[in-house]
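Chain by chain, the residues:
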Amino acid sequence: LTPGLAVVLVGEDPASQIYVRNKGEQSKAAGMHSVTHRLPAETSEAELLALVKTLNADPAIHGILVQLPVPKHINDQTIIAALDPDKDVDGLHVINAGRLANGLPALTACTPLGSMILLKETLGDLTGKRAVVVGRSVLVGRPIAQLLLRADCTVTIAHSKTENLKAVCQEADILVAAVGRPGMIRGSWIKEGATVIDVGINRVPFSDPVAAAAGKTKVVGDVKFKEASRRAAFITPVPNGVGPMTIACLLQNTITAARRIAGLE
Ligand code: GUN
């Protein structure tokens, strides 16, 4: 049985192009059957739905990932709802989100899975720890909160409307930053000895004004790394922290999906 992964990209978003290329290359390097569909930005919702249905029915494909965001004229919820939940390697379908929330086996979003591996390998048992997740997205904030709860943490989900976010973060033994705002979480927000998982991937101009004027950009997280690393016991850098774990877990999810579809689990 060769696990098969189909990655679908609509449009030319530069960051998405890099992610999709990495996913294609790494699934091939792992020996999987890997197909990447690159569709023009003008692709209609009906055309994308037709491709999803074809992939749902393709016995060589066990995992389907539609890279987000899709262009504005396409409703991402409509596309996600059309995925076969057993091939939904992003864990975005309501069936998988519901299974996760109820503690049932579910395909689960890759970045949360990768973050949990880092936490468990670093801290061991997470029972009773205070975890604060900043961000409530369907792709990261909500599923990681569910996984932390499943690991017996006491979980707070904070977000842009949370009052006194700094004080909430200062309570965290485990702080997960998934807001998409560059450097929003400062060193003084981190409890001494905490573990910080920075999921943010934000492209910003270089701080050097000459380089910035020349259009040079760099990628930073949601946490001010230097400040925070003086207080945290463990912290993930951006780039090269959680990012590589996301792809590893995508490959793992594709194998899980292939095994389930083949009746091996
Ligand atoms: N866009 C950014 N990260 C992801 C991801 O993990 N999955 C999908 N489908 N789109 C993304």
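Residues numbered from 1 in each chain as written. Predicted model: local features only at pLDDT ≥ 70, side-chain atom pairs only at ≥ 80, totals over all residues. Heavy atoms only, no water.

Trainee: Which residues make up the state of the cysteines, and what values do they have?
Mentor: For the coordinates displayed, the defined rule picks out zero disulfides. Unpaired in terms of disulfides, Cys153 finds its nearest cysteine sulfur in Cys169, a separation of 15 Å. For Cys153, a relative accessible area of 5% gives the class buried. (Disulfide = S-S within 2.5 Å. Buried < 20%, exposed > 50% of the residue type's maximum accessible area, 1.4 Å probe, protein only.)

Trainee: Let's hear about the site of the ligand: which residues, and what values?
Mentor: Around the ligand sit Lys23, Leu65, Val66, Gln67, Leu68, Asp90 and Leu139, and those are all the residues in its vicinity. At a separation of 3.1 Å, a nitrogen atom of the ligand approaches a polar side-chain atom of Gln67. A distance of 2.5 Å separates a nitrogen atom of the ligand from a polar side-chain atom of Asp90. When the ligand is considered free in solution it has 280 Å² of accessible area, and contact with the protein chains removes 82% of it. When its residues are assigned to classes, the shell around the ligand shows four nonpolar, one polar and two charged. (Near = heavy atom within 4 Å. Polar contact = N/O pair within 3.5 Å; in protein donor to acceptor, adjacent residues only side chain to side chain. Areas by Shrake-Rupley, 256 points an atom, 1.4 Å probe, with all protein chains shown as cover. Nonpolar A, V, L, I, M, F, W, Y, C, P; charged D, E, K, R; others polar.)

Trainee: Describe in detail the pairing of strand S5 (residues 154–158), supporting the description with residues and values.
Mentor: Judged from the five bridges that link them, strand S4 (residues 130–134) and S5 form a sheet pairing that is parallel. Looking across to S5, one finds that Val132 is bridged to Thr156. Viewed along the sheet, the connection from S4 through helix H6 (residues 141–150) into S5 turns out right-handed. (Pairing = 2+ DSSP bridges. Helix = DSSP H or I, 4+ residues; strand = E, 2+ residues; numbered from the N terminus. Right-handed = clockwise from strand over helix to strand, strands pointing away.)

Trainee: Describe in detail the sheet that holds strand S6 (residues 174–177), supporting the description with residues and values.
Mentor: The five strands are arranged S5-S4-S6-S7-S10 in an open sheet whose pairing can be described as parallel. Where the open sheet ends on each side, the last strands, each with one partner, are S5 and strand S10 (234–235). Of the strand pairs in this sheet, strand S7 (residues 195–198) and S10 are connected by two bridges, and their pairing is parallel. If you follow Val196 over to S10, its bridge partner there is Ile235. Of the strands in this sheet, S4, S5 and S6 are in contact with H6, which crosses S4 at around 170 degrees. (Contact = heavy atoms within 4.5 Å. Axes fitted to C-alpha atoms, helices over the stretch in contact; angles between N-to-C directions.)

Trainee: A description of the nonpolar core should follow, citing residues and the corresponding values.
Mentor: Ranked by internal contacts, the top residues of the largest apolar core, which has 32 residues, are Met116, Leu119, Leu126, Leu148, Ile174 and Val176. Those elements that place two or more of their residues in this core are strand S1 (4–10), helix H5 (110–123), S4, H6, S6 and helix H10 (242–261). Sequence-distant contacts of Val176, defined by excluding residues within four places in its chain, comprise Val132, Val133, Val134, Ile144, Leu148, Ile197 and Val199. (Core = buried A, V, L, I, M, F, W, Y, C linked by side-chain atoms within 4.5 Å.)

Trainee: So what's going on with the pattern of salt bridges? Residues and values would help.
Mentor: If you walk through the whole model with that rule in mind, you get four salt bridges. Note that Glu25 is salt-bridged to Arg21, the shortest N-O span being 3.9 Å. You can see Glu25 and its partner Arg21 sitting in helix H1 (residues 14–29), four residues apart, about one turn around the helix. With relative accessibility at 45%, the residue Arg21 sits in the partly exposed group. The closest approach of N and O atoms between Lys191 and Asp173, which form a salt bridge, is 2.7 Å. One end of the pair, Lys191, is in the loop between S6 and S7; the other, Asp173, is in the loop between helix H7 (165–170) and S6, and 18 residues separate them in sequence. (Salt bridge = Lys/Arg side-chain N within 4 Å of Asp/Glu carboxyl O.)

Trainee: With reference to specific residues and values, describe the sheet that holds strand S2 (residues 33–39).
Mentor: The pairing of strands in a sheet comes from backbone hydrogen bonds and takes either a parallel or an antiparallel form. Taken in spatial order, the three strands line up as S2-S1-S3 in an open sheet, and their pairing is parallel. A strand with exactly one partner marks an edge of an open sheet, and here the two such strands are S2 and strand S3 (63–66). For this sheet the average axis-to-axis angle between neighbouring strands, irrespective of direction, equals 15 degrees. Bridge analysis of S1 against S2 gives seven bridges, and the strand direction is parallel. Opposite Gly4, over in S2, you have His33 as the bridge partner. Where helix H2 (residues 45–57) meets the sheet, it contacts S1, S2 and S3, and its direction lies at approximately 175 degrees from that of S1.

Any link to function would need more than the numbers given here.
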